[in-house]
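# Understanding the architecture of this molecule
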Amino acid sequence: MYSARSPRTLCHTRALKSANRLECLMTEFYAHWCLETIGANAPWGVIKRLATRRNNQLDDAKVISWNAGALWRELNCPKKNRYEHYLSENAWFGTQCLRWLQKNKPRVSKHTVIFSYSGTAIEVFKWAKFQGARTVLGMIDPGRVEQEIVREEAARWPGWEKERDVAPELYNQRRIEECRIADVIVVNSRWSLECLEKQGVPPKKIFVIPLCYESAREEADFRRHYKGSLWDQGVRPFTVLFLGQVILRKGIQYLIQAAKHPDLAEVVFDVVGPVGITEAAIRSAPCNMRFHGIASRTDVSEWYRRADLFVLPTISDGFAITQIEAMAHGLPVIATPNCGEVVRDGEDGLIVPVRDSNALVEAILRFVKDPSFHNKCREQAMIRSRDFTLHVLQNKLIELEKMLEI
């Protein structure tokens with residue numbers, strides 16, 4: 001069995017399904033083919049977004065969902081503090097799962113594994129443990145440690161943060177209780193594991209499984225061709241891409257500081273994604289940095305194709321799938337240690353310390369000034385992106401299942 005709330009978690013579901021280890025998927029909303037067709041042309045953002053909650057690889061899987069209730073709540077429940085919203089929605093979803101389990105009484109034994117994500121697990125896990133089943137918690141983010149990091153950054157950069165929702169204590173208490181009940185906790189990176197350890201979670205319960213990324217056909221067939229260094233020849237400027245939420249947690253403040261360096265005056269910085277910093281902060285950016293806002297899935301691929309280098313100066317990330325996306329498009333990546341272990345320093349990109357704009361400047365300049373190093377890293381980046389396939393994820397989940405049987 002399996003419960004999920006986020007569309008991206010369908011990769012775990014598909015991995016379990018392909019290994020014939022998925023009994024059923026429990027999710028608050030699942031779009032059947034008719035809604036997917038309607039949603040593609042829907043003018044309403046909610047319908048359009050919910051219509052993506054489907055994958056044809058699960059067409060013959062058993063799916064339990066509460067579409068009507070989920071849609072009603074999406075349209076009628078006021079959006080409060082996002083953490084309070086998560087608490088409300090996750091509690092509703094957990095209750096729906098529990099009621100279904102109590103009513104239908106599926107066959108459960110010590111060989112049954114219930115996999116649920118942080119925030120949604122307490123109700124189902126308590127039922128599962130009473131039935132003798134094993135429980136696996138998928139921890140989506142680093143939790144309280146990350147929240148403290150965001151508070152520190154807001155204090156370091158006053159006037160930069162547009163708004164910040166503060167997590168109520170109940171939100172964090174629920175996460176810790178889920179960790180206590182779970183037999184195993186799955187995280188996406190070593191960084192998340194370290195954050196949970198700081199919160200008192202026993203490391204022996206934590207299992208690191210990176211996320212996977214599947215390239216679209218047009219991405220898989222894409223090949224980036226350079227005849228020498230075009231920017232060195234003055235044909236076009238060297239272009240650096242930042243793609244994701246434009247917020248302090250992602251380190252945008254340090255990239256802005258780096259872009260101001262005189263040696264990077266001719267480098268173009270494209271910042272793509274929802275903006276969560278103030279207008280004053282944006283105005284502090286140099287003229288060679290451009291903010292483009294939210295991009296569609298098609299536009300995102302185009303931004304990757306236009307760039308020469310991807311930069312992820314994140315201060316805290318559970319994983320950051322954009323690293324692999326960029327590599328699949330033939331881009332070397334500059335990242336920090338505080339996210340998933342994707343970049344191999346000096347092979348397909350560079351690792352820089354968090355909160356270090358000078359290190360960012362040096363790393364970017366290395367790619368600008370050394371075309372041979374850039375070419376080597378971009379070739380290795382495409383190869384590296386193939387290390388995070390659905391098949392690899394499937395094998396990791398099977399390994400986890402065997403560990404639970406010991």
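Our subject is the structure listed above.
Described in the following lines is the structure provided in the data block. Just so it is clear, the model here is predicted, and its values are computed rather than measured.

It is worth spelling out the layout of surface pockets at this point. One simple way to see leftover space: roll a probe sized like a water molecule over the atoms. Approximately 270 Å³ is the volume found for the second largest pocket. Broken down by secondary-structure element, the contributors of at least two residues to the lining of the second largest pocket are β4 (113-117) and α17 (390-405). No other element matches the five residues that α17 contributes to the lining of the second largest pocket. Class assignment of the residues belonging to the lining of the second largest pocket gives a composition of eleven nonpolar, two polar and three charged.

What follows is about the packing of aromatic side chains. Given two aromatic rings, their pairing is described by the distance between the two centres and the angle made by the two planes. Taken as a whole and assessed by the stated rule, the structure comprises nine aromatic pairs. An angle of 85° between the planes, with centres 6.4 Å apart, marks the rings of Tyr83 and Tyr86 as edge-to-face. With Tyr83 and Tyr86 both in helix α5 (residues 82-104) and three residues apart, this pair spans about one turn of that helix. Relative accessible area serves as the criterion here: at 33%, Tyr86 is assigned to the partly exposed category. Three or more aromatic residues link up through ring pairs in this structure, and these residues are Tyr83, Tyr86 and Tyr171. Against the face of Tyr83 rests Arg82, its NZ or CZ located 4.4 Å from the ring centre. The ring centre of Phe373 lies 3.8 Å from the NZ or CZ of Arg366, which sits over that ring.

To continue, consider the nonpolar core. Counting 48 residues, the largest nonpolar core has Leu241, Tyr304, Phe310 and Leu393 as the members making the most contacts within it. No other element matches α17, which puts five residues into this core. With sequence-adjacent residues up to four places away left out, Phe310 is seen in contact with Leu241, Leu243, Tyr304, Thr322, Gln323, Ala326, Leu331, Pro332, Val333 and Ile334.

As a further point, take helix α9 (residues 190-198). By the burial criterion, the buried members of α9 are Trp191, Ser192, Leu193, Cys195 and Leu196. Taken together, the buried residues of α9 touch α7 (144-156), β6 (184-187) and β7 (206-208). Positive phi shows up at Gly200, right after α9, with a value of about 90°.

Here the focus is unusual backbone geometry. One non-glycine residue, Asn20, lies in the positive phi region at around 55°. Mapped onto the elements, Asn20 comes out in the loop between α1 (10-18) and β2 (25-27). Using a relative accessible area of 71% as the deciding quantity, one classes Asn20 as exposed. Look at Ala320: it is not a glycine, yet its phi comes out positive at around 75°.

Along strand β8 (residues 239-243), five of the five residues are buried, which leaves the element largely enclosed by surrounding structure. Of the two faces of β8, the one holding Thr239, Leu241 and Leu243 and the one holding Val240 and Phe242 are both buried throughout. Where β8 meets strand β9 (residues 268-272), five bridges bridge the pair, whose relative direction is parallel. By the bridge assignment for β9, Phe242 is matched with Val271. This β-α-β element, β8 to helix α11 (residues 252-259) to β9, shows right-handed connectivity. Inspection of the sheet shows β8 paired to strand β11 (residues 309-312) by two bridges, in the parallel sense. When the sheet's bridge partners are listed, Val240 is paired in β11 with Leu309.

With that out of the way, let us pick up the environment of Met289. Secondary-structure assignment places Met289 in strand β10 (residues 289-293). We classify Met289 as buried; its relative accessible area is 6%. Each C-alpha atom of the pair Met289 and Ala259 lies 7.1 Å from the other, and the pair is 30 residues apart in sequence. Residues within four places of Met289 in sequence aside, it is in contact with Leu255, Ile256, Ala259, Phe269 and Val271.

This next bit is on the pattern of salt bridges. Using the criterion set out here, one finds 23 salt bridges in the structure. Where Arg175 meets Asp141, a salt bridge forms, and the shortest distance between an N and an O atom there is 3.4 Å. Taken together, the residues span a long stretch of sequence, with Arg175 in helix α8 (residues 169-181) and Asp141 in the loop between β5 (134-138) and α7 at a distance of 34 residues. Comparing Arg175 with Asp141, the two get one shared label, buried. Sharing partners across several salt bridges, the network here consists of Glu146, Arg249, Lys250 and Asp317.

To continue, consider the packing of helix α6 (residues 122-131) against α8. Put simply, α6 and α8 touch, their axes get as near as 10 Å, and they point 20° apart. For the element pair α6 / α8, the angle class is roughly parallel. The handedness of the crossing between α6 and α8 comes out as left-handed. Note on element contacts: α8 touches α6 through Arg174, Glu177, Glu178 and Ile181, opposite Ile122, Glu123, Phe125, Lys126 and Lys129. Here the contact of α6 with α8 is composed, by residue class, of three nonpolar, no polar and six charged.

Reading the values: rules and limits
- In this numbering scheme, every chain counts its residues from 1 along its sequence in written order.
- The model is predicted, so local features are restricted to residues of pLDDT at least 70 and side-chain atom pairs to those at 80 or more, both for listing and for counting; the totals for chains, interfaces and linings are taken over all residues.
- Side-chain measures here rest on the full set of heavy atoms in the structure, leaving out hydrogens and waters.
- Grid points spaced at 1 Å and placed over the protein atoms alone form the basis of the search, with a cavity being a set where a 1.4 Å probe fits but cannot get out and a pocket an open set showing protein on both sides within 12 Å along at least five of seven lines. Lining residues have an atom within 4 Å of a point.
- Grid points are joined across faces, edges and corners, and a volume is the space filled by probe spheres set on the points.
- Secondary structure counts use DSSP, requiring at least four H or I residues in a row for a helix and at least two E residues in a row for a strand, with both numbered from the N terminus.
- Only Asp, Glu, Lys and Arg are considered charged in this grouping, and only Ala, Val, Leu, Ile, Met, Phe, Trp, Tyr, Cys and Pro are considered nonpolar; every other residue, Gly among them, is considered polar.
- Two rings belonging to Phe, Tyr or Trp (six-membered ring only in the last case) form a pair when the distance between their centres is within 6.5 Å. Interplanar angles under 30 degrees mark stacking, angles over 60 mark edge-to-face geometry, and anything in between is tilted.
- A simple rule labels every residue: compare its accessible area, found with a 1.4 Å probe on the protein chains alone, to the largest value its type can have, and call it buried under 20%, exposed over 50%, or partly exposed in between.
- Only lysine NZ and arginine CZ atoms are considered, and such an atom sits over a ring when it is within 6 Å of the ring centre and within 35 degrees of the ring normal.
- Put simply, a nonpolar core is a bunch of buried Ala, Val, Leu, Ile, Met, Phe, Trp, Tyr and Cys residues held in one set by side-chain atoms that sit within 4.5 Å of each other.
- A contact between two residues is defined here by any heavy atoms of the two lying within 4.5 Å.
- At least two bridges found by DSSP between two strands is the condition for calling them paired.
- Handedness of a crossover is defined as follows: orient the strands so they point away from the viewer, and if the path from the first strand over the helix to the second runs clockwise, the crossover is right-handed.
- Salt bridge criterion: a side-chain nitrogen from Lys or Arg within 4 Å of a carboxyl oxygen from Asp or Glu.
- Orientation is described by axes fitted as lines to C-alpha atoms, over the contacting stretch for helices, and by angles from 0 to 180 degrees between their N-to-C directions.
- Angle categories: roughly parallel below 35 degrees, roughly antiparallel above 145, roughly perpendicular from 65 to 115, and oblique for all the rest.
- Each crossing is labelled by how the near helix is turned from the far one, with a counterclockwise turn of less than a right angle marking it left-handed and a clockwise turn marking it right-handed.

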